[in-house]
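Observations on the three-dimensional arrangement
Chain by chain, the residues:
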Amino acid sequence: QTNKENNVAKFVATDYNITIGGTDFSTSLAAVTLDITVEEQDTTAFGNTARTRIGGLQDGSVSLDFHQDFAADSIDATLFPLLGTTVVIVIKPTDAAVGVTNPVYTFSALVTSYQPFASSVGDLATLSISWPVTGPVVRTTA
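Residues numbered from 1 in each chain as written. Predicted model: local features only at pLDDT ≥ 70, side-chain atom pairs only at ≥ 80, totals over all residues. Heavy atoms only, no water.

**Some details on the overall build of the protein**
For the protein, the helix and strand inventory stands at one helix and nine strands. Secondary structure of the protein in N-to-C order comes out as β-β-β-β-β-β-α-β-β-β. The C-alpha radius of gyration of the protein comes to 19 Å, more than 25% above the 14 Å expected for a compact globule of 142 residues. Counting only C-alpha atoms, the protein reaches 65 × 40 × 30 Å along its principal axes. When the 142 residues of the protein are sorted by exposure, 26% land in the buried category. As displayed, the protein offers around 9000 Å² of accessible surface, 53% of which is attributable to carbon and sulfur atoms. Here the protein contributes 6 positively and 14 negatively charged side chains, and the mean placements of these two sets differ by 17 Å. (Helix = DSSP H or I, 4+ residues; strand = E, 2+ residues; numbered from the N terminus. Rg over C-alpha atoms; globule rule 2.2 N^0.38 Å. Buried < 20%, exposed > 50% of the residue type's maximum accessible area, 1.4 Å probe, protein only. Areas by Shrake-Rupley, 256 points an atom, 1.4 Å probe, with all protein chains shown as cover. Lys, Arg positive; Asp, Glu negative; His and termini not counted. Charge placed at Lys NZ, Arg CZ, Asp CG, Glu CD.)

Here you go:
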């Protein structure tokens, strides 16, 4: 939900829509981080009096915190077979239609790790993953 106060939009993350390989995991996730970076390339030449730079290749990673579920067609059954493959991930700020105030980020990630168990006795069964993005992150508003 967006709230305008002093002409500054504010947003509370309560309705993210996240699909992995076409499966909606929104209600099984507690946190998401999409980190997009661009390499820095130094273009400083003789005669310059200060460093100059341009952007290079885009890179990124995605981190997701799940509430673990071993039911058929759920988290474990979906993520374990993906190990070593690439998967398309789609993230939207809300479940509403894609638009200027609800952009969709689409990208592929290389599934490099999977940790099905990461809890102590009495804890909520959770798992956290962090996968590198492979290829570009595409942001769409229409």
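Moving on from the model shown.
**A look at the side chain of Q68**
When you line up the elements, Q68 lands in the loop between β6 (53–67) and α1 (75–79). At 3.0 Å, the side chain of Q68 forms a polar contact with the backbone oxygen of P116. (Polar contact = N/O pair within 3.5 Å; in protein donor to acceptor, adjacent residues only side chain to side chain.)

**Digging into the sheet that holds strand β9 (residues 126–140)**
Strand order in the open sheet formed by seven strands is β4-β3-β7-β8-β9-β6-β5, with antiparallel pairing between adjacent strands. Because the sheet does not close on itself, it has two edges, and the strands there are β4 (23–24) and β5 (29–42). Relative to β9, β6 runs antiparallel, the two sharing seven bridges. Pairing of S63 across the sheet is with S130, part of β9. (Pairing = 2+ DSSP bridges.)

**Section: the nonpolar core**
With 22 residues, the main nonpolar core has I20, F66, L79, I89 and W131 as its most contacted residues. Where this core is concerned, the elements lending two or more residues are β3 (17–20), β6, α1, β7 (86–92), β8 (104–110) and β9. Broken down by element, this core gets its largest block of residues, five residues, from β9. (Core = buried A, V, L, I, M, F, W, Y, C linked by side-chain atoms within 4.5 Å.)

**Here we look at the pattern of salt bridges**
All told, the structure shown has two salt bridges when counted by the stated rule. Across the pair R53 and E40 runs a salt bridge, and its minimum N-O distance is 2.5 Å. Taken together, the positions of R53 in strand β6 and E40 in strand β5 put the pair 13 residues apart, joining distant regions of the chain. Classification of R53 as partly exposed rests on a relative accessible area of 46%. Between D42 and R51 there is a salt bridge, with its nearest N and O atoms 2.9 Å apart. (Salt bridge = Lys/Arg side-chain N within 4 Å of Asp/Glu carboxyl O.)

**Structural notes on the packing of aromatic side chains**
A complete count under the given rule lists four aromatic pairs for this structure. Summarising the aromatic geometry, the rings of F25 and F66 are spaced 5.9 Å apart at their centres and angled 85 degrees between planes, so their arrangement reads as edge-to-face. With F25 in the loop between β4 and β5 and F66 in strand β6, this residue pair connects regions lying 41 residues apart in the sequence. Here F25 matches F66 in class, with each residue buried. (Phe/Tyr/Trp six-rings, centres within 6.5 Å; stacked < 30°, edge-to-face > 60°.)

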